Amino acid sequence: MSAKDAPPPLPEPLLVEVADSHTHMDLQSGTVEEALVKAAAVGVTTVVQVGCDVKGSQWAAETAAAHENVHAAVALHPNEAPRIVLGDPDGWSRQGAREGGGDAALDDALTEIDRLAALPYVRGVGETGLDFFRTGPEGIAAQERSFRAHIEIAKRHGKALVIHDREAHADVLRVLDEEGAPERTVFHCYSGDAAMAEICAAKGYYMSFAGNVTFKNAQPLRDALAIAPLELVLVETDAPFLTPAPFRGRPNAPYLIPVTVRAMAEVRGMGENELAAAIAVNTARAFDY
């Protein structure tokens, strides 16, 4: 294993326990138990496991059922919806090449997400939203239809809505306005600037910051974090992605949350314990656990 692939070392533990509000343990190496033990050793005692397709959402629900300190969010990722409808000839989503199934196939997948969303240990519907980075114009209709359906599912079951917004800020905010956002809405891996943070704050949307807030080129994210109301700030890994500096490019995992929390505390000019305490309360409120 090269140094680049090696897992980063365990950071100094946080003194105040905190939650990773968004992780993908199904994409990480090692077992769930190993991930949870390592995370707990540094003060990360709760994780939200997020599904991106039907199988991943079923796995998230099963994993949350088996572990008291794991909560699940279930959804079709914005890039998954067009693949279901139009097909996925290159097998990009780890499921092999797929034929397009049209709107009927999307309806079937949404029916299963709806079923899972009713389960008690499923605390969120997501990650859903819009992603114009990877999906071309031909897939936008499927994305938006899927996003609207997820908003309805979240509201009907009283669950948090977890948003994936990539290069689609204005459209995500528009759809939320048109449909009426659920009471608890979380922008996962917040990617907007300070102006958007003001809009989210006014609407009471939670903003969850990931390891990319530590990247050199991420000043707009730090500007957003600096003005976001403390009671709406969450932290996440999005592991195995978005590993915080100085470990960027190596595999991320929930145990690296303290690195991001410390960077966030610096941006906000506050102590890490005070920030961790706020984040712990906010995450429990956002996901109603």
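Since the model is a prediction, treat every value here as computed from it, not as a measurement.

Rules behind the numbers
Residues numbered from 1 in each chain as written. Predicted model: local features only at pLDDT ≥ 70, side-chain atom pairs only at ≥ 80, totals over all residues. Heavy atoms only, no water. Phe/Tyr/Trp six-rings, centres within 6.5 Å; stacked < 30°, edge-to-face > 60°. Helix = DSSP H or I, 4+ residues; strand = E, 2+ residues; numbered from the N terminus. Buried < 20%, exposed > 50% of the residue type's maximum accessible area, 1.4 Å probe, protein only. Lys NZ or Arg CZ within 6 Å of the ring centre and 35° of its normal. 1 Å grid on protein atoms, 1.4 Å probe; cavity = no way out; pocket = protein on both sides within 12 Å on 5 of 7 lines; lining within 4 Å. Points joined across faces, edges and corners; volume = space filled by probe spheres on them. Nonpolar A, V, L, I, M, F, W, Y, C, P; charged D, E, K, R; others polar. Pairing = 2+ DSSP bridges. Axes fitted to C-alpha atoms, helices over the stretch in contact; angles between N-to-C directions. Parallel < 35°, antiparallel > 145°, perpendicular 65-115°, else oblique. Contact = heavy atoms within 4.5 Å. pLDDT = per-residue confidence, 0-100. Disulfide = S-S within 2.5 Å.

Visitor: How should the packing of aromatic side chains be read in this particular structure?
Guide: How two aromatic rings sit relative to each other is given by the distance of their centres and the angle of their planes. For the structure on display, the rule yields two aromatic pairs. Ring plane angle 50° and centroid distance 5.5 Å describe the contact between Tyr-190 and Phe-209, whose orientation is recorded as tilted. Within this pair, whereas Tyr-190 is found in the loop between strand S8 (185-187) and helix H7 (194-203), its partner Phe-209 is found in strand S9 (residues 206-209), the two being separated by 19 residues in sequence. In this pair, the class of Tyr-190 matches that of Phe-209, namely buried. Over the aromatic face of Phe-215 sits the side chain of Arg-248, whose NZ or CZ is 3.7 Å from the ring centroid.

Visitor: How should the layout of surface pockets be read in this particular structure?
Guide: Which parts of space are left empty comes out when a probe the size of a water molecule is rolled across the atoms. Estimates place the volume of the largest pocket at around 1100 Å³. Contributing to the lining of the largest pocket are 37 residues, with His-77, Arg-134, His-164, Arg-166 and Asp-238 lying nearest its centre. Of all the secondary structure elements, the ones that give two or more residues to the lining of the largest pocket are helix H3 (80-86), strand S6 (122-131), strand S7 (160-166) and helix H8 (219-227). Classifying every residue of the lining of the largest pocket gives 12 nonpolar, 12 polar and 13 charged.

Visitor: Got a minute to help me understand the sheet that holds strand S10 (residues 233-235) in this structure?
Guide: One key point about sheets: their strands pair by backbone hydrogen bonds, in either a parallel or an antiparallel sense. If you trace the eight strands from one edge of the open sheet to the other, you get S1-S2-S3-S6-S7-S8-S9-S10, paired in parallel fashion. The open sheet terminates on both sides in strands that have one partner only, identified here as strand S1 (18-23) and S10. Taking each pair of neighbouring strands and ignoring which way they run, the sheet shows an average axis angle of 30°. Pairing of S9 with S10 involves three bridges; the strand directions are parallel.

Visitor: Help me understand the packing of helix H2 (residues 54-66) against helix H4 (residues 102-117), please; the structure alone is not making it clear to me.
Guide: Packed helix pairs are specified by the crossing angle of their axes together with the interaxial distance, meaning the distance between the axes. One way to put it is that H2 packs onto H4 with a least axis distance of 10 Å and a crossing angle of 10°. By the angle class used here, H2 and H4 are roughly parallel. On H4, the residues touching Val-54, Ser-57, Gln-58 and Ala-61 of H2 are Ala-109, Glu-112, Ile-113 and Leu-116. For the contact of H2 with H4, the per-class residue count stands at five nonpolar, two polar and one charged.

Visitor: I keep staring at the confidence of the model for the protein and nothing clicks. Help me out?
Guide: A low pLDDT means the predicted coordinates there should not be read in detail. Looking at the protein, pLDDT values average 96 and 99% of them are 70 or higher. Within the protein, no element has a lower average pLDDT than strand S5 (residues 98-99), which sits at 86, and none a higher one than S10, at 99.

Visitor: I tried to follow the pairing of strand S2 (residues 44-50) on my own but got confused; where do I start?
Guide: Regular strands have side chains that alternate between both faces of the sheet. Of all the seven residues making up S2, six are buried; the element is thus mostly covered by neighbouring parts of the structure. Of the strand pairs in this sheet, S1 and S2 are connected by four bridges, and their pairing is parallel. Along S2, the bridge assignment pairs Ala-19 with Thr-46. In this structure, S2 lies alongside strand S3 (residues 70-74), joined through four bridges in parallel fashion. Opposite Val-50, over in S3, you have Ala-73 as the bridge partner.

Visitor: What am I meant to see in the state of the cysteines here?
Guide: Applying the stated rule across the entire model yields zero disulfides. Between Cys-52, a free cysteine, and Cys-189, which holds the nearest cysteine sulfur, the sulfur-to-sulfur gap is 12 Å. Look at Cys-52 and you get partly exposed, because its relative accessible area is 23%.

Visitor: What am I meant to see in unusual backbone geometry here?
Guide: Among all residues save glycine, negative phi is the norm, and among peptide bonds the norm is trans. Each neighbour pair has its own omega, and for Ala-239 with Pro-240 the value is 15°, a cis peptide bond. With respect to the helices, strands and loops of the structure, Pro-240 is situated in the loop between S10 and helix H9 (257-268). The omega angle of the peptide bond from Ala-245 to Pro-246 is 5°, so this bond is cis rather than trans. Within the secondary structure layout, Pro-246 lies in the loop between S10 and H9. In this structure, Glu-167 takes a positive phi of about 55° despite not being glycine. Residue Asp-288 is not a glycine yet carries a positive backbone phi of 55°. Along the chain, Asp-288 turns up in the segment after helix H10 (272-287).

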